[in-house]
Amino acid sequence: GATPGPLNKVASGGELSRILLALKGAMIQTDPVSSYVFDEVDSGIGGGVAETVGRKLQRVGDARQAICITHLPQVACCAHQHIFIQKEVSNSRTHSTLRYLNFEERVMEVGRMLGGAELTEMTKAHAQELLLNNQPKSTQGLRLVN
């Protein structure tokens, strides 16, 4: 029942990001842009939809550099690489540190995204399963965490 209007007026930031993801996925062979940044692409979604978005991002990342800021484990587990970003305030200045995570660290971070600060063995196993089931072909063969 809404009145039609310009896309940038009727769509949320997350919806606009997902439209961009769909367009970039469709144009991947001809798009001259080599790097994409997706923020809010996971806004307002979860579960199976988030996994679908993660896999679409993964396919874009197979052909281009795709940077995605996410808080959803279903999206993060599809990444080719996982960068952990931490902000700290010192002397009234904010400093950010970035660090690539190895597979074991990814299990712990996806587990934290799934279950909170305290990781149980079950949460860790779920995180590991998500990561192993959603890895790009280029990173398959990762070893299990004990």
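Up top is the structure these notes are about.
Here's what I pulled together on the structure shown here.

Thoughts on the overall build of the chain
Part 1 of the argument: Counting its secondary structure elements, the chain contains six helices and four strands.
Part 2 of the argument: Moving toward the C terminus, one meets the helices and strands of the chain in the order α-α-β-α-β-α-β-β-α-α.
Part 3 of the argument: Judged by the C-alpha coordinates and their principal axes, the chain covers about 55 × 45 × 35 Å.
Part 4 of the argument: Each of the 146 residues in the chain was classed as buried or not, and the buried ones make up 32%.
Part 5 of the argument: Summarising the internal contacts of the chain: among those between residues at least 6 apart in sequence, 53% fall at separations of at least 24.

Section: the packing of aromatic side chains
Part 1 of the argument: Tallied over the full model, the rule gives one aromatic pair.
Part 2 of the argument: With centroids separated by 6.1 Å and ring planes inclined at 75°, the aromatic side chains of Tyr36 and Phe38 adopt a geometry described as edge-to-face.

Some points on the layout of surface pockets
Part 1 of the argument: Empty space within the largest pocket amounts to approximately 970 Å³.
Part 2 of the argument: Around the largest pocket, the lining comprises 30 residues; the ones closest to its centre are Cys68, Ile69, Gln81, His82 and Ile83.
Part 3 of the argument: The set of elements that each furnish at least two residues to the lining of the largest pocket consists of α3 (47-63), β2 (65-69), α4 (73-76), β3 (83-90), β4 (93-100) and α5 (103-115).

As for the nonpolar core
Part 1 of the argument: Ranked by size, the top nonpolar core spans twelve residues in total: Leu21, Ile28, Tyr36, Phe38, Val41, Ile45, Ala50, Val53, Leu57, Val60, Leu72 and Val75.
Part 2 of the argument: Of all the secondary structure elements, the ones that give two or more residues to this core are β1 (35-39) and α3.
Part 3 of the argument: Looking at which element gives the most residues to this core, the answer is α3, with four residues.
Part 4 of the argument: Residues contacting Val41, with those up to four places away along its chain left out, are Gly14, Ser17, Arg18, Leu21, Val53, Leu57 and Cys68.
Part 5 of the argument: Membership of the second largest hydrophobic core comes to eight residues, among which are Cys77, Phe103, Val107 and Leu131.

Structural notes on the state of the cysteines
Part 1 of the argument: One pass over the structure, following the stated rule, counts zero disulfides.
Part 2 of the argument: Among the cysteines around Cys68, which has no disulfide bond, Cys78 carries the closest sulfur, lying 10.0 Å off.
Part 3 of the argument: A disulfide-free cysteine, Cys78 has its sulfur positioned 4.2 Å from the sulfur of Cys77, the nearest such atom.

A word on a nonpolar patch on the surface
Part 1 of the argument: A cluster of nonpolar side chains, contributed by Leu7, Val10, Leu16, Ile19, Leu23 and Met27, occupies part of the molecular surface with about 470 Å² of accessible area.
Part 2 of the argument: Of all elements in the fold, only α1 (7-10) and α2 (13-26) reach the threshold of two or more residues within the nonpolar patch.
Part 3 of the argument: With three residues, the single largest contributor to the nonpolar patch is α2.
Part 4 of the argument: If you trace the backbone, Ile19 turns up in helix α2.

Points about helix α6 (residues 121-133)
Part 1 of the argument: Spanning 13 residues, α6 covers 18 Å between terminal C-alpha atoms, matching the ideal 18 Å at 1.5 Å per step.
Part 2 of the argument: All buried positions along α6 are accounted for by Thr123, Lys124, Ala127, Gln128, Leu130 and Leu131. One side of α6 holds all its buried residues, which, seen down the axis, span an arc of 160°. Turned more than 90 degrees away from the buried face of α6, the exposed residues are Glu121, Met122 and Asn133.
Part 3 of the argument: Packing partners of the buried residues in α6 comprise α4 and α5.

How each quantity is defined
- Each chain has its residues counted from 1, running along the sequence as written.
- Reporting of local features is limited, given that this is a predicted model, to residues whose pLDDT is at least 70; pairs of side-chain atoms are given and counted only at 80 or more, and all residues count toward the totals for whole chains, interfaces and linings.
- To get the side-chain values, take all heavy atoms of the structure and skip hydrogens and water.
- Helical segments are the DSSP runs of H or I of at least four residues, strand segments are the runs of E of at least two, and each set is numbered from the N terminus.
- When a residue's accessible area, from a 1.4 Å probe over protein chains only, is under 20% of the maximum for its type it is buried; when over 50% it is exposed; and in between it is partly exposed.
- Residue contacts follow a heavy-atom distance rule, with two residues in contact if any of their heavy atoms lie within 4.5 Å.
- When the centres of two rings from Phe, Tyr and Trp lie within 6.5 Å, Trp using its six-membered ring, the rings pair. Their planes under 30 degrees apart give stacked, over 60 give edge-to-face, and anything left gives tilted.
- Residues are said to line a cavity or pocket when one of their atoms sits within 4 Å of a point; the points come from a 1 Å grid over protein atoms alone, cavities being sets where a 1.4 Å probe fits but cannot get out and pockets being open sets with protein on both sides within 12 Å along at least five of seven lines.
- Grid points are joined across faces, edges and corners, and a volume is the space filled by probe spheres set on the points.
- Take the buried Ala, Val, Leu, Ile, Met, Phe, Trp, Tyr and Cys residues and link them wherever side-chain atoms come within 4.5 Å; each set so joined is a nonpolar core.
- Count a disulfide wherever a pair of cysteine sulfur atoms falls within 2.5 Å.
- Residues enter a patch when their relative accessible area is above 30% and they make no salt bridge; the linking distance is 9 Å between like charges and 5 Å between nonpolar side chains (Val, Leu, Ile, Met, Phe, Trp, Tyr).
- Each accessible area is a Shrake-Rupley result for a 1.4 Å probe, and residues are judged covered by the shown protein chains and nothing else.
- The term salt bridge refers to a pairing of a side-chain nitrogen on Lys or Arg with a carboxyl oxygen on Asp or Glu at a separation within 4 Å.
- Take the residue count of a helix, subtract one, and multiply by 1.5 Å to get its expected span.
- The directions considered for the arc run from the helix axis to the C-beta atoms.

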